[in-house]
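Structural characterization, general
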Amino acid sequence: MNVELAREHAKNTKWKAIETLDKQLEIFESIITGRGAKVIWAEDVQRALEAIGRICREKQCKTLVKSKSMVTEEIHLNDYLGSIGVESVETDLGEYIQQLDGEAPYHIVTPAMHKSKEDVAKLFAEKLGTDPKATPEQLTLKAREILREKYVQAEVGITGANFIVADIGGIAVTENEGNARLSCAWPSTHIVIAGIEKVIPSLTDLSLFWPLLASYGTGQKVTVYNSLITGPRQPGETDGPQDMYVILLDNGRTNILADERQRESLYCIRCGACLNACPVYKNIGGHAYGVTYSGPIGSVITPHLKGLDEYKHLSYASSLCGNCTEVCAVRINLHELLLENRYESVREGKGDPVEKLVWRAWKHAMLFRPALNIANGKMKNWFVNKVAKGWTAQRGDLKFPDRSFNQRWRDKYGDR
Ligand code: SF4
């Protein structure tokens, strides 16, 4: 496979899907409802949670098994289920570890990547009473033993969708542990929750997207389990859920769709490659972002999903090195979209007036060297480290040299 061609082709396919999003979703809905699934359109988090709550009440659900899904993190599903008395159990091993530790996922693909095997052994020992020196194999077997029991108890299973396949009315789920297929096939009710942008037009597109997602996500040629779910159990079939619901979540995605420049951020297949390549993410980690979608793609979309006012700072916390764009599986111009967010926040008058003044002064000084040289090194150090303090609130002191660049130049080369 020519990877560069594949990425280009994937971008074009997602372009087509997003440009015709309304039609693709309607095709999907009409086909999957024809096989007995129910499609629920959720405009925001509240509506999605209400729909899940209603289904849980109808099914008298006490225990729910859940496979890894960033959209369920986005709507804070576990907190909500806890508040209505439903036990929600994460079945992906990484997510299970994070749930035991009371932490949000650290990475969109590998949620517990910041924990060592010793950390996990200690956690399991505290929470599940295992040997603190247990090996990863022993810990996995313990999790498996507990989770198998939960599958049997659960009345409802929830999964996300890696792709919504329009022309067959199907949901494609990709995973490495087999927990997603157990979550959707074992309980008598299956709920899928997916962002509306997850659509791809055709089944044949999976021959491109499945290997692309695997390669860019985890470096595999293809992920271990790839399931296509096209409805609840049909007459004559011996397994699968009796009821299936698909919740299509907007929650700000149509704001992005309406913005011609930002629209391409909806092509994202959540492979996580941009996080792995980002020098900022590598240094500060996923939790420092304080939002569901961390890293470059998170900094691009979060201001649109949750509001520019509160989340515009994410687009500023980037060196704009372009590494994210370089590695993106579907060639989203991520660093340009970060710049676009900055431009948008200034255009909408959301810039910080103090910052504006500082930049104006900086520009003036840069264009007029004598102004920059008025203060000597000591005065600059005192002003930046003791008076302004904005710089030193999160960093070490700055140390300006005693003599300015101009003076040192003159010392060395005279006035030429
Ligand atoms: S923006 Fe690109 S690299 Fe980042 S998660 Fe999405 S598809 Fe992967």
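This text gives an overview of the structure that appears in the document. (Residues numbered from 1 in each chain as written. Predicted model: local features only at pLDDT ≥ 70, side-chain atom pairs only at ≥ 80, totals over all residues. Heavy atoms only, no water.)

**Describing the overall build of the protein**
Operational definition: Where helices and strands are cited, they refer to DSSP runs of H or I of at least four residues and of E of at least two residues respectively, numbered from the N terminus. Any residue under 20% of the maximum accessible area for its type is buried, any over 50% is exposed, and the rest in between are partly exposed; the area is computed with a 1.4 Å probe on protein chains only. Accessibility throughout is a Shrake-Rupley quantity obtained with a 1.4 Å probe, and a residue counts as covered only by protein chains that appear here.
Along its length, the protein carries 22 helices and 10 strands. Dimensions of the protein along its principal axes, counting C-alpha atoms only, are 95 × 55 × 45 Å. Within the protein, buried positions represent 48% of all 416 residues. Carbon and sulfur atoms make up 54% of the accessible area of the protein, which amounts to about 21200 Å² in all.

**Some words on the packing of helix α6 (residues 93-101) against helix α7 (residues 117-128)**
Applicable threshold: Each axis is a line fitted through C-alpha atoms, taken for helices only over the stretch in contact, and angles between the N-to-C directions span 0 to 180 degrees. Here roughly perpendicular refers to angles of 65 to 115 degrees, roughly parallel to angles under 35, roughly antiparallel to angles over 145, and oblique to all remaining angles. A crossing counts as left-handed when the near helix is turned anticlockwise from the far one by less than a right angle, and as right-handed when that turn is clockwise. By definition in these notes, contact holds between two residues if any of their heavy atoms fall within 4.5 Å. Note that Gly is not counted as nonpolar here; it falls among the polar residues with everything else outside the nonpolar set of Ala, Val, Leu, Ile, Met, Phe, Trp, Tyr, Cys and Pro and the charged set of Asp, Glu, Lys and Arg.
The geometry of α6 relative to α7 is characterised by a closest axis approach of 10 Å and an angle of 55° between their N-to-C directions. Taken together, α6 and α7 sit at an angle that is classed as oblique. Crossing angle aside, the handedness with which α6 passes α7 is left-handed. Contacts from Tyr-96, Ile-97, Leu-100 and Asp-101 of α6 reach α7 at Val-120, Leu-123, Phe-124, Lys-127 and Leu-128. Tallied by class, the residues present in the contact of α6 with α7 amount to 7 nonpolar, no polar and 2 charged.

**Things to note about the pairing of strand β6 (residues 170-175)**
The line we're drawing: Only when DSSP finds a minimum of two bridges between them are two strands counted as paired.
In terms of burial, β6 is a largely internal element, 6 of the 6 residues being buried. As paired strands, strand β5 (residues 163-165) and β6 are joined by 3 bridges and run antiparallel to one another. Across the sheet, the residue bridging to Val-165 is Gly-170, located in β6. The loop that links β5 with its antiparallel partner β6 comprises 4 residues; one of these, Gly-169, has a positive phi angle of about 60°. When β6 meets strand β9 (residues 225-229), the two strands line up antiparallel, connected through 5 bridges.

**Digging into the sheet that holds β5**
Strands in a sheet are paired, the pairing made by backbone hydrogen bonds, and the direction either parallel or antiparallel. In space, the 4 strands of this open sheet follow the order β8-β5-β6-β9, with mixed pairing throughout. Each end of this open sheet is capped by a strand with a single partner; those strands are β8 (199-200) and β9. Judged from the 2 bridges that link them, β5 and β8 form a sheet pairing that is parallel. In the sheet register, Val-165 faces β8, and the bridge partner there is Ile-200.

**Section: the packing of helix α1 (residues 3-19) against helix α10 (residues 206-218)**
Where α1 contacts α10, the two axes come as close as 11 Å, and the packing angle between them is 120°. Viewed along their axes, α1 and α10 adopt a mutual orientation that is oblique. For the crossing formed where α1 meets α10, the hand is left-handed. Residues Val-3, Ala-6, Arg-7, His-9, Ala-10, Thr-13 and Lys-14 of α1 lie in contact with α10, whose contacting residues are Leu-208, Phe-209, Leu-212 and Tyr-216. Its residues assigned to classes, the contact of α1 with α10 shows 7 nonpolar, 2 polar and 2 charged.

**Some points on the side chain of Arg-263**
Looking at the secondary structure, you find Arg-263 in the loop between α11 (253-258) and α12 (273-277). By relative accessible area, which is 17% here, Arg-263 ends up buried. Those residues in contact with Arg-263, other than ones at most four positions away along the chain, are Ile-18, Glu-19, Ile-256, Leu-257 and Ala-258.

**Some details on the nonpolar core**
Put simply, the test is: Definition used in this section: a nonpolar core is a set of buried Ala, Val, Leu, Ile, Met, Phe, Trp, Tyr and Cys residues joined via side-chain atoms within 4.5 Å.
One finds Ile-52, Phe-163, Ile-171, Val-246 and Ile-247 to be the most contacted residues of the largest nonpolar core, which totals 90 residues. Take this core: its biggest share by element is 7 residues, from α10. Ignoring anything within four residues of it in the chain, the contact list for Phe-163 reads Gly-170, Ile-171, Ala-172, Lys-198, Ile-200, Leu-206, Phe-209, Trp-210, Leu-213 and Ile-269. Counting residues in each nonpolar core, the second largest holds 16 residues, with Ala-121, Phe-124, Ala-134 and Tyr-151 among its members.

**Some remarks on the site of the ligand**
As a reminder of what qualifies: In this text, near means that some heavy atom of the residue lies within 4 Å of the molecule or strand in question.
Residues in close proximity to the ligand total 13 residues, the closest being Cys-268, Cys-271, Gly-272, Cys-274 and Cys-328. Looking at the shell around the ligand residue by residue, the classes come out as 11 nonpolar, 1 polar and 1 charged.

**Here we look at the environment of Phe-28**
Structurally, the position occupied by Phe-28 is in helix α2 (residues 21-34). Residue class for Phe-28 comes out buried when judged on its relative accessible area of 0%. Once the C-alpha coordinates of Phe-28 and Val-358 are considered, the two residues, 330 residues apart in sequence, prove to be 52 Å apart. Residues within four places of Phe-28 in sequence aside, it is in contact with Val-39, Ile-164, Val-165, Ala-166, Gly-169, Gly-170, Ile-171, Val-246 and Leu-248.

Function cannot be read off these values alone, since they describe shape.
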